[in-house]
Amino acid sequence: MSDKVDETDVEEVAIGRFEQLGYEYLYGPAIAPGEIAEEREDLGDVILKGRLENAIEKLNRDIPLPAREDALRKVLISDAPTLITTNRQFHEYMRDGVPVEYPREDGTIQGDHVRLIDYDNPDNNDWVVVNQFTVIENNHNRRPDVIVYVNGLPLAVVELKNPIDEDATIWT
């Protein structure tokens, strides 16, 4: 390995590998609020809402629109009292779908689940990898190297380091 390797090189290799796996690549600053390819309304948004809306519609065509909209609201705005509870709830939504209810034609109430991810046919999902994605929340500015998305939901954050820097740690 050359002494000229840096973290950017590692990032490019990682993104290239995700692209080989079929992920769409997006440059974080290009999808920021106010940009031409904007996919976020605010720098505090970590969910790519438009992609999630599209996935909910595509995967749940048999569920009425108001119930799908209710599921989207539940994903975007948690009413859980703690972060741990919120994370558990979000995990259940991803695993089992978001519970919804809607009226049937006969006036009874139908319970169902709005799927966020198609586990049976992964090709039905929207796979995206984003780099240099800035998140500003409570005056804290974070910019992970790579975020992996499925249907607009962030599933993994990858922090990369220079492989030849012996002093590199998770903190630097």
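The model shown is predicted, which means the values in this text are computed figures rather than measured ones. Within each chain, residue numbers correspond to sequence positions counted from 1 in written order. The predicted nature of this model means local features are confined to residues of pLDDT at least 70 and side-chain atom pairs, given and counted, to a pLDDT of 80 or more, with totals for whole chains, interfaces and linings taken over all residues. Computation of side-chain values: all heavy atoms of the structure, hydrogens and water removed.

### Topic: the environment of His140
Topologically, His140 is positioned in strand S6 (residues 140-142). His140 gets classed as partly exposed once you look at its relative accessible area, which sits at 45%. In this text, helices come from DSSP runs of H or I with a minimum length of four residues, and strands from runs of E with a minimum of two, each type numbered from the N-terminal end. Relative accessibility decides the category of a residue: with a 1.4 Å probe and only protein chains considered, values under 20% of the type maximum give buried, values over 50% give exposed, and everything between is partly exposed.

### Brief notes about the sheet that holds strand S1 (residues 24-27)
In this scheme, strands are said to pair when DSSP sees at least two bridges between them. Spatial ordering of the open sheet is given by S1-S4-S7-S8, a layout of four strands whose pairing is mixed. Where the open sheet ends on each side, the last strands, each with one partner, are S1 and strand S8 (153-158). The average undirected angle you get between the axes of adjacent strands in this sheet is 25°. Two strands pair when backbone bridges link them, and strand S4 (residues 127-131) and strand S7 (residues 146-150) are joined in this way by five bridges, in the antiparallel orientation. Along S7, the bridge assignment pairs Val129 with Val148. Simply put, an axis is a line fit to the C-alpha atoms, just over the touching stretch for a helix, and the angle between two N-to-C directions goes from 0 to 180 degrees.

### Topic: the packing of aromatic side chains
Here is the rule: rings of Phe, Tyr and Trp (six-membered ring for Trp) pair when centre to centre is within 6.5 Å. Planes less than 30 degrees apart are stacked, more than 60 are edge-to-face, and the remainder are tilted. Per the stated rule, a full pass over the model turns up three aromatic pairs. Each ring, one from Phe18 and one from Tyr23, has its centre 5.0 Å from the other, and the planes form 75°; the classification is edge-to-face. Accessibility assignment for this pair places Phe18 and Tyr23 in one class, buried. Feature note: the residues Phe18, Tyr23 and Trp127 constitute an aromatic cluster, connected by ring pairs. Directly above the aromatic system of Phe133 lies the positively charged group of Arg40, at a separation of 3.8 Å from the ring centroid. In our convention, an over-ring charge means Lys NZ or Arg CZ found within 6 Å of a ring centre and within 35 degrees of that ring's normal.

### Observations regarding the pairing of strand S3 (residues 109-114)
Both strand S2 (residues 98-103) and S3 contribute to a ladder of six bridges, which runs antiparallel. Its bridge partner being in S3, Pro103 is matched across the sheet by Ile109. The antiparallel hairpin formed by S2 and S3 contains five residues in its connecting segment, where Gly107 sits at a positive phi of about 95°.

### So, the pattern of salt bridges
When their charged atoms lie close together, side chains carrying opposite charge are able to pair. A side-chain nitrogen of Lys or Arg and a carboxyl oxygen of Asp or Glu constitute a salt bridge if their distance falls within 4 Å. Inspection of the entire model under this criterion finds eight salt bridges. A salt bridge links Glu24 to Arg51; the nearest nitrogen and oxygen atoms lie 3.2 Å apart. One end of the pair, Glu24, is in strand S1; the other, Arg51, is in helix H2 (residues 49-59), with 27 residues separating them in the sequence. Connected through shared salt-bridge partners, Glu24, Glu39, Arg51 and Asp126 make up one network.

### Observations regarding the packing of H2 against helix H3 (residues 65-76)
Working note: a packed helix pair is described by the angle between its axes plus the distance between those axes. Between H2 and H3, the shortest axis-to-axis distance is 10 Å and the interhelical angle comes to 140°. What the angle tells us is that H2 and H3 run oblique. Of the two elements, H2 crosses H3, and the hand of that crossing is right-handed. In contact with Lys49, Leu52, Glu53, Ile56 and Glu57 of H2, H3 contributes Arg68, Leu72, Val75 and Leu76. Just so you know how the angles are binned, under 35 degrees is roughly parallel, over 145 roughly antiparallel, 65 to 115 roughly perpendicular, and the rest oblique. By the definition used in this description, the sense in which the near helix is turned from the far one sets the handedness, with an anticlockwise turn below a right angle giving left-handed and a clockwise turn giving right-handed. Contacts are residue-level and defined by heavy atoms, with any inter-residue pair within 4.5 Å sufficient.

### Notes on the confidence of the model for the chain
Per-residue pLDDT for the chain has a mean of 90; in total, 90% of the residues score no lower than 70. Per-residue confidence from the predictor is reported as pLDDT, a score between 0 and 100. For the chain, S6 is the element with the lowest average pLDDT, namely 86, and H2 is the one with the highest, namely 98.

### Quick look at the pairing of S4
Burial of S4 is extensive: four of the five residues sit out of reach of the surface. Pairing of S1 with S4, which is carried by four bridges, proceeds in the parallel orientation. Bridge pairing links Leu26 to Val130 in S4.

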